[in-house]
Amino acid sequence: MAQHFLLSAAARTLSLRAIYKAGEDAAYETFCKMRWPETNGEAVCPKCGCCETYSITTRRKFKCKGCGHQFSVTSGTIFASRKMAFVDLLAAICITINAAKGVSMLQLSRDLDCQYKTAFVLAHKLREAMAL
């Protein structure tokens, strides 16, 4: 009989401790690599598809060399109007994914140290994205 996935080593690759230990910059790089895996985290313009972009480091945005459109790593995603830090968003993904039977919004709000309404909206966005 095969071992259950949640008991395997592959299920332990996304650790909550490792996320918070790495910090905000590493979480931002992880979001970039998840958003643009085909270019290994290098930004691609969502408007025209151009791979040549400028990086606006003070605001963590990008500007396309072709059309001049400004965009961020969360533009056009479920986190488009986010106000939470990238490390907290990545932690919310980790908590939601690693919970075998799901996680309540109250528990998520306690774990992330945010309001119940914030955890409620975030959890519903994550559940909707997983359903697609």
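Here the structure is a predicted model, which means the values were calculated and not measured. (Residues numbered from 1 in each chain as written. Predicted model: local features only at pLDDT ≥ 70, side-chain atom pairs only at ≥ 80, totals over all residues. Heavy atoms only, no water.)

Undergrad: Please explain the side chain of Thr74 as it appears in this structure.
TA: Note that Thr74 resides in the loop between strand 3 (70-71) and helix 3 (86-98). A residue is classified by how much of its surface remains accessible, and Thr74, at 4% relative accessible area, is buried. Apart from the residues lying within four places of it in its own chain, the contact partners of Thr74 are Arg35, Phe79, Ala80, Arg82 and Phe86. (Helix = DSSP H or I, 4+ residues; strand = E, 2+ residues; numbered from the N terminus. Buried < 20%, exposed > 50% of the residue type's maximum accessible area, 1.4 Å probe, protein only. Contact = heavy atoms within 4.5 Å.)

Undergrad: Is there a simple way to explain the pairing of strand 1 (residues 53-56) in this structure?
TA: For a regular strand, the rule is simple: side chains alternate between the two faces of the sheet. Where strand 1 meets strand 2 (residues 61-64), four bridges bridge the pair, whose relative direction is antiparallel. Within the sheet, the bridge partner assigned to Thr53 lies in strand 2 and is Cys64. Taking the residues between adjacent antiparallel strands as the criterion, strand 1 and strand 2 are bridged by four residues, where Arg60 takes a positive phi near 55°. (Pairing = 2+ DSSP bridges.)

Undergrad: What should I look at first to understand the packing of aromatic side chains in this one?
TA: Note on aromatic pairs: each is described by the distance of the centres and the angle between the planes. Enumeration over the complete set of coordinates arrives at seven aromatic pairs. Ring centres of Phe31 and Phe79 lie 5.7 Å apart, and the angle between their planes is 80°; this geometry places the pair in the edge-to-face category. Separated by 48 residues along the polypeptide, Phe31 in helix 2 (residues 24-35) and Phe79 in the loop between strand 3 and helix 3 bring together distant segments of the chain. Considering the side-chain rings of Tyr116 and Phe120, the 6.1 Å spacing of their centres and the 40° angle between planes classify their relative orientation as tilted. On the criterion of helical spacing, the pair formed by Tyr116 and Phe120 is a turn pair, its members being four residues apart in helix 5 (residues 116-131). The exposure class assigned to Tyr116 is partly exposed, which follows from its relative accessible area of 44%. Among the aromatic residues, those joined into a cluster by ring pairs are Tyr28, Phe31, Phe79 and Phe86. Above the plane of the ring of Tyr54 lies Lys65, whose end atom (NZ or CZ) is 5.1 Å from the centre. The aromatic ring of Phe86 is capped on one face by Arg82, whose charged end is 4.0 Å from the ring centroid. (Phe/Tyr/Trp six-rings, centres within 6.5 Å; stacked < 30°, edge-to-face > 60°. Lys NZ or Arg CZ within 6 Å of the ring centre and 35° of its normal.)

Everything listed is a geometric property; what it means functionally is a separate question.
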